[in-house]
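Report on the structure
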Amino acid sequence: QVQLFESGGGLVQAGDSLRLSCSASGRAFSILYSMVWFRYSPGKEREFVAAISWSGSSIDYAETVKDRFTISRDNAKKTLYLQMNSLNPEDTAVYYCLASKGSPTRDAYDYEFWGQGTQVTVSS
């Protein structure tokens, strides 16, 4: 079993920063897992945000967040991070972290494990 728990969301103003964390636990979790952030807001499709391989050597960002967001991980702590800078109202969503035994992809269906999400709200 694998559990993923996101934290760090909140209400901020446009231009502010937030750092999301995703802590992994469970006997089945391996630091070899690829991890990814997706986000979902009502009225919009689920959106890929950023992905990282187990070693951190492969990183991928959506164009909408590139140069503003940074994905990273600390395998010793089994924690995934998403540093979000220059936030704007379009970033408002529930952010989910996902984990996969395979290589990082942009398809949420490739990921076996999901967290419960953390709400990020950006006011203008």
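Every chain begins its residue count from 1, and numbering advances along the sequence as written. Local features in this predicted model are restricted to residues of pLDDT 70 or higher, and side-chain atom pairs are both shown and tallied only at a pLDDT of 80 or more, whereas totals for entire chains, interfaces and linings draw on every residue. Excluded from the side-chain calculation are hydrogens and water; included are all heavy atoms of the structure.

Turning our eyes to something else, we now look at the state of the cysteines. Only a pair of cysteine sulfur atoms within 2.5 Å qualifies as a disulfide here. For the structure shown, the criterion picks out 1 disulfide. Residue pairing for cysteine 22: its cysteine sulfur links by disulfide to cysteine 97, the two sulfurs lying 1.9 Å apart. With the S-S bond torsion at 45°, the cross-link from cysteine 22 to cysteine 97 turns out right-handed. Placement of the pair is cysteine 22 in strand β3 (residues 18-25) and cysteine 97 in strand β9 (residues 93-100), with a sequence separation of 75 residues. The buried category is assigned to cysteine 22, whose relative accessible area is 0%. The buried label goes to any residue with under 20% of its type's maximum accessible area, the exposed label to any with over 50%, and the partly exposed label to all in between, with areas taken from a 1.4 Å probe on protein chains only. Since its relative accessible area comes to 0%, cysteine 97 is described here as buried. We count a stretch as a helix when DSSP gives it H or I for four or more residues in a row; a strand needs E for two or more, and each element gets its number in order from the N terminus.

As a general feature of sheets, a regular strand has side chains that alternate between the two faces. Across the 6 residues that make up strand β8 (residues 79-84), a large majority, 5, are buried. DSSP calls a pair of strands paired once it identifies at least 2 bridges connecting them. Inspection of the sheet shows β3 paired to β8 by 6 bridges, in the antiparallel sense. Pairing of arginine 19 across the sheet is with glutamine 83, part of β8. As judged from the 6 bridges shared by strand β7 (residues 69-74) and β8, these two strands associate in the antiparallel manner. Residue arginine 73 lies in a different strand from β8, and its bridge partner there is leucine 80. In textbook terms, the turn of a hairpin is the stretch between consecutive antiparallel strands, and for β7 and β8 this stretch comprises 4 residues, one of which, lysine 78, has a positive phi near 55°.

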